[in-house]
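Results of the structural survey
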Amino acid sequence: CLLLLEWIFNRWQPLVGGLYMRMISATAAASLNLLGVPVRLDTSSIAAGFCILALDTITFQVIYECTGLFSFFILVAAIAAYPASLVQKGWGLLLGAGAFFLYSTLRLIALGVVGHLNPSWIQPFHLYFMVLLNLGFMVFLWLFWIGKVRA
């Protein structure tokens, strides 16, 4: 399953990844602006695999890893491998995709707020806390789904 997802991503990267990254980045940028954190979104480099969120204090280069896309792929593979019905797997994938979209948007919003308040905190916050949170969120979703499947 992971190999298939990787092949699909590599084959249609600008469409699959770009659309996902563009939606998450645009939602995060709009949310940050509503929160009073001025940000400008530049999606002109989506085809190259990134977009830019420019705050007054810091500029973020949002790449696929920032959107949780690869952690979502691992969740898809874990759901596909689990012994459950196709309907249960479908619900897991549908709800997992929505949860990852919301989580990834909130993750970029949190990074934007931290970058706005204290740009020097970005590096440790991003590298240590957010990377572990990505993996933890994926495992939480999978275990939550397993609990619902068994119920």
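Residues numbered from 1 in each chain as written. Predicted model: local features only at pLDDT ≥ 70, side-chain atom pairs only at ≥ 80, totals over all residues. Heavy atoms only, no water.

1. What to know about helix α5 (residues 122–150)
Helix length check: α5, at 29 residues, gives a terminal C-alpha distance of 40 Å against a target of 42 Å (1.5 Å per residue), a fit within 8%. In the structure, α5 departs most strongly from a straight axis at methionine 130, where the bend amounts to approximately 30 degrees. Among all positions in α5, only Ile122, Met130, Asn134, Phe137, Met138, Leu141, Trp145, Ile146 and Val149 are buried. If you follow the buried residues of α5, they end up packed against β3 (59–63), α3 (69–81) and α4 (86–117). (Helix = DSSP H or I, 4+ residues; strand = E, 2+ residues; numbered from the N terminus. Expected span 1.5 Å × (residues − 1). Bend = angle between axes of the 7 residues up to and from the residue. Buried < 20%, exposed > 50% of the residue type's maximum accessible area, 1.4 Å probe, protein only. Contact = heavy atoms within 4.5 Å.)

2. What about the environment of serine 104?
Relative to the assigned elements, serine 104 resides in helix α4. Note: C-alpha distance between serine 104 and isoleucine 52 (52 residues apart in sequence) is 15 Å. Polar contacts involving the side chain of serine 104 include one to the main-chain carbonyl oxygen of threonine 67, which spans 2.4 Å. (Polar contact = N/O pair within 3.5 Å; in protein donor to acceptor, adjacent residues only side chain to side chain.)

3. Describing the confidence of the model for the chain
On average, the chain scores 89 in pLDDT, and the residues at 70 or more come to 99%. When pLDDT is averaged over each element of the chain, strand β1 (residues 39–42) comes out on top at 96 and helix α1 (residues 2–11) at the bottom at 81. (pLDDT = per-residue confidence, 0-100.)

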